[in-house]
Amino acid sequence: MNVYDSEAMARVLAPMGYELTAHKKNADCLLLNTCAIRAKAEQKVFSYLGRLTGLKGNNPDLLIGVGGCVAQQEAKKIFDRAPHVDFVFGPHAINRLPEIVAQAEQGKRHAAATEFLDSFEEITQPLLDKADQEQSGVSAFVTIMSGCDNYCTYCVVPHVRGREMSRASQAILAEVESLAAKGVKEITLLGQNVNSYGNKEGFGSFAELLGLVHEVEGVERIRFTTSHPKDLSQELIQAFAELPKLCKHIHLPVQSGSNRILKKMNRGYTREDYLGKVCALREACPEIRLTTDIIAGFPSETEEDFQDTMDLIRQADYDSLFAFMYSDRPLAPAVKFPGKLSEEVKGRRLAQVLEVSEEIARAKHAAMIGSKQQVLVEGRSVQNPEQWRGRTGGHVTVNFLAPACGGLVGKQVDVLIENGYSNSLSGKLWTEDGDCPKPPTEESHAA
Ligand code: SAH
Ligand code: SF4
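Thresholds applied
- Residues numbered from 1 in each chain as written.
- Chains lettered and ligands numbered in written order.
- Predicted model: local features only at pLDDT ≥ 70, side-chain atom pairs only at ≥ 80, totals over all residues.
- Heavy atoms only, no water.
- Near = heavy atom within 4 Å.
- Polar contact = N/O pair within 3.5 Å; in protein donor to acceptor, adjacent residues only side chain to side chain.
- Areas by Shrake-Rupley, 256 points an atom, 1.4 Å probe, with all protein chains shown as cover.
- Helix = DSSP H or I, 4+ residues; strand = E, 2+ residues; numbered from the N terminus.
- Nonpolar A, V, L, I, M, F, W, Y, C, P; charged D, E, K, R; others polar.
- Axes fitted to C-alpha atoms, helices over the stretch in contact; angles between N-to-C directions.
- Parallel < 35°, antiparallel > 145°, perpendicular 65-115°, else oblique.
- Contact = heavy atoms within 4.5 Å.
- Buried < 20%, exposed > 50% of the residue type's maximum accessible area, 1.4 Å probe, protein only.
- Pairing = 2+ DSSP bridges.
- Domains from an automatic or database assignment.
- UniProt positions renumbered as here; feature names shortened; annotations may be inferred.
- Phe/Tyr/Trp six-rings, centres within 6.5 Å; stacked < 30°, edge-to-face > 60°.
- Lys NZ or Arg CZ within 6 Å of the ring centre and 35° of its normal.
- Core = buried A, V, L, I, M, F, W, Y, C linked by side-chain atoms within 4.5 Å.

### Observations concerning the site of ligand 1
Phase 1 of the analysis: The immediate surroundings of ligand 1 are formed by 15 residues, with Tyr-154, Gln-192, Gln-255, Asp-293 and Ser-327 found nearest.
Phase 2 of the analysis: Note that a nitrogen atom of ligand 1 is positioned 2.8 Å from one of the side-chain N or O atoms of Gln-192.
Phase 3 of the analysis: Burial of ligand 1 by the protein chains amounts to 90% of its free accessible area of 550 Å².
Phase 4 of the analysis: For the shell around ligand 1, the elements supplying multiple residues, two or more each, are strand 11 (289–296) and strand 12 (320–325).
Phase 5 of the analysis: In terms of residue class, the shell around ligand 1 is made up of seven nonpolar, four polar and four charged.

### Topic: the packing of helix 10 (residues 206–214) against helix 11 (residues 234–242)
Phase 1 of the analysis: Packing of helix 10 against helix 11 brings their axes to within 8 Å, and their N-to-C directions diverge by 30 degrees. Comparing their axes, helix 11 and helix 10 come out roughly parallel. Residues Phe-206, Ala-207, Glu-208 and Leu-210 of helix 10 touch helix 11, and the partners they reach there are Glu-235, Leu-236 and Ala-239.

### What to know about the side chain of Gln-373
Phase 1 of the analysis: Summarising the element assignment, Gln-373 is placed in strand 13 (residues 372–380).
Phase 2 of the analysis: Assessed through its relative accessible area of 18%, Gln-373 is described here as buried.
Phase 3 of the analysis: Side chain to side chain, Gln-373 and Ser-371 meet in a polar contact 3.0 Å long.

### So, the sheet that holds strand 8 (residues 186–190)
Phase 1 of the analysis: An order of 5-8-9 is seen for the three strands of this open sheet, with the pairing classed as parallel. In the strand order of this sheet, the two ends are held by strand 5 (139–143) and strand 9 (221–225), each with one partner. In this sheet, neighbouring strand axes are inclined to one another by 25 degrees on average, regardless of whether the strands run parallel or antiparallel.

### A closer look at the domain arrangement of the protein
Phase 1 of the analysis: Along its sequence, the protein is carved into domain 1 (2–113) and domain 2 (372–446).
Phase 2 of the analysis: Centre-to-centre, using C-alpha coordinates, domain 1 lies 39 Å away from domain 2.

### A closer look at the UniProt feature "binding site: [4Fe-4S] cluster" (unreviewed entry) in the protein
Phase 1 of the analysis: As recorded in UniProt, the sites labelled "binding site: [4Fe-4S] cluster" (unreviewed entry) are Cys-148, Cys-152 and Cys-155.
Phase 2 of the analysis: Within the secondary structure, Cys-148 sits in the loop between strand 6 (145–146) and helix 8 (157–161).
Phase 3 of the analysis: Look at Cys-148 and you get buried, because its relative accessible area is 10%.
Phase 4 of the analysis: By secondary structure assignment, the location of Cys-155 is in the loop between strand 6 and helix 8.
Phase 5 of the analysis: Setting aside residues up to four positions removed in sequence, Cys-155 forms contacts with Ile-37 and Ala-332.

### A closer look at the side chain of His-84
Phase 1 of the analysis: With respect to the helices and strands, His-84 occurs in the loop between helix 5 (77–81) and strand 3 (87–89).
Phase 2 of the analysis: The buried category is assigned to His-84, whose relative accessible area is 12%.
Phase 3 of the analysis: Excluding residues that lie within four positions of it along the chain, His-84 makes contacts with Leu-49, Leu-52, Thr-53, Lys-56, Ile-64 and Arg-109.

### Quick notes on the environment of Ile-37
Phase 1 of the analysis: In this structure, Ile-37 sits in the loop between strand 1 (29–34) and helix 2 (39–51).
Phase 2 of the analysis: Given a relative accessible area of 29%, Ile-37 falls into the partly exposed group.
Phase 3 of the analysis: For the pair Ile-37 and Cys-247, spaced 210 residues apart in the sequence, the C-alpha separation amounts to 27 Å.
Phase 4 of the analysis: Discounting residues that sit within four places of it in the chain, Ile-37 has contacts with Cys-155, Val-156, Val-157 and Arg-329.

### Here we look at the packing of aromatic side chains
Phase 1 of the analysis: Scanning the model with the defined rule gives eight aromatic pairs in all.
Phase 2 of the analysis: Note on Phe-298 and Tyr-326: the rings are 5.5 Å apart at their centroids and 75 degrees apart in plane angle, and the pair reads as edge-to-face. Of this pair, Phe-298 sits in the loop between strand 11 and helix 14 (303–316) while Tyr-326 sits in the loop between strand 12 and helix 15 (343–367), and the two are 28 residues apart along the sequence. One exposure class covers both Phe-298 and Tyr-326, and it is buried.
Phase 3 of the analysis: Between the aromatic rings of Phe-298 and Phe-337, the centroid separation amounts to 6.1 Å while the plane-to-plane angle is 80 degrees, which identifies the pairing as edge-to-face. Linking Phe-298 in the loop between strand 11 and helix 14 with Phe-337 in the loop between strand 12 and helix 15, this pair joins segments that are 39 residues apart in sequence.
Phase 4 of the analysis: For Phe-298, a relative accessible area of 0% translates into the label buried.
Phase 5 of the analysis: We classify Phe-337 as partly exposed; its relative accessible area is 25%.
Phase 6 of the analysis: Aromatic rings pair up to connect Tyr-154, Phe-298, Tyr-326 and Phe-337 into one cluster.
Phase 7 of the analysis: Positioned above the aromatic ring of Phe-324 is the side chain of Arg-38, whose terminal nitrogen or guanidinium carbon lies 3.7 Å from the ring centre.

### Overview of the environment of Val-409
Phase 1 of the analysis: Following the sequence through the fold, Val-409 ends up in the loop between strand 15 (397–401) and strand 16 (412–420).
Phase 2 of the analysis: Under the relative-accessibility criterion, Val-409 is labelled partly exposed at 43%.
Phase 3 of the analysis: When residues no more than four places from it in sequence are discounted, the contact partners of Val-409 are Val-138, Val-377, Glu-378, Gly-379 and Trp-388.

### Looking at the pairing of strand 13
Phase 1 of the analysis: Summarising the sheet, strand 13 and strand 16 pair through five bridges and their orientation is antiparallel. When the bridges of strand 16 are listed, Gln-374 appears paired with Asp-414.
Phase 2 of the analysis: The pairing of strand 13 with strand 14 (residues 388–392) spans five bridges and is classified as antiparallel. Across the sheet, Leu-376 pairs through a bridge with Arg-391, a residue of strand 14.

### Re the nonpolar core
Phase 1 of the analysis: By size, the foremost hydrophobic cluster in this structure holds 55 residues, and its most contacted members are Leu-189, Phe-206, Leu-210 and Phe-224.
Phase 2 of the analysis: Aside from chain neighbours lying at most four places away, what touches Leu-210 is Leu-189, Ile-222, Phe-224, Leu-236, Ala-239, Leu-243 and Leu-246.
Phase 3 of the analysis: Residues Leu-32, Ala-36, Ala-71 and Ala-82 belong to the second largest nonpolar core, which totals 22 residues.

Written as structure tokens, this is what we have:
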């Protein structure tokens, strides 16, 4: 979501003559898009701002703006701690950036744009209308909702991104069609809880929306994130069996395996509900890859609660997971919960979760050695430019050799997997005889 928002910031400022630069020393305007999900992310913003003091000293005309969730949460406090910041703007104010930057160029200082707006269109439509939507690349994000109404007790999102709002399906389809026409092959639909898409507005279900996106010509792969387990419907589970372009991967954050802790988190499901949905997913689509998020050390979590989580991780048989130490967020109710755990206990539990998840991921990736995987090619490998890089439908990164085969970017190719690591796979282009196919001729290329 932050990547999507950063791209939007660059797009709305382009008509004013601003373009991206790779070096902050060359910049006339520096924008920090910030994350408030955990305390560490927020601390990084302030230490980074501290390091920019010198830059502003050398170039007094430099404009510095802070956007995103820390801007929303801290608003004017940012100016107290970092007076060299010129303006702050929350997640609903991206489309107002041209006006805010123009005023800052005229010398206006310390403007704060943090009002919440009332509809998805108000937040985003002007952005898309104004945007010169130059899109290059194989994959693109398309936002379908903003905000969140779930109020999990540890989470800052509803407080900094506002109430849940869905975007009309016609607008979503228009954006997907325009991206597909520009050569994008893979679309990732974004929302904090895509499973409740359209409920408030009566736009039709998320599964129906997937069906519509599936019809768009040129789109080869569809992904989405994130799914809240309490709202995962049988209709959506069935979509994995019925829509061939829908990648066989679901990120289904569980957070904890203890019913007592899940209740305190206000997640709205039990471990039994959750495991029941995992079973239904595997029944509908046996090859589905399942990933999750875990919070280690929520207030009052006992050793027994934690063991319930470890046990659930094994039962759910995740392909991979993200795990975080519980972090107090000033706006979230859990900040006042009793039974806070020490950093040491949280750290130890986090390490145990990561250890078991790495073990499982390694074993799963090792079991894929010798198999043929369909990979959507995104570009050259970052570590080794002789190799190509892409992802499987299950969202695993694959680096592979395809000597003398040009023009692979944006194509789906079969790769023979030769090595499995904890976070990726590697191999070579698959051919029936085990050799790399001949380089394309002028004629075959044109065809
Ligand atoms: N909307 C998504 C998650 C968004 S936040 C969902 O509900 O699944 C991404 C992840 O950050 C969450 O799944 C959770 O695991 C983690 N997270 C959120 N708040 C946190 C906090 N206060 N401390 C630690 N981890 C947190
Ligand atoms: Fe936060 Fe819960 Fe909403 Fe996810 S569903 S964004 S964890 S409040």
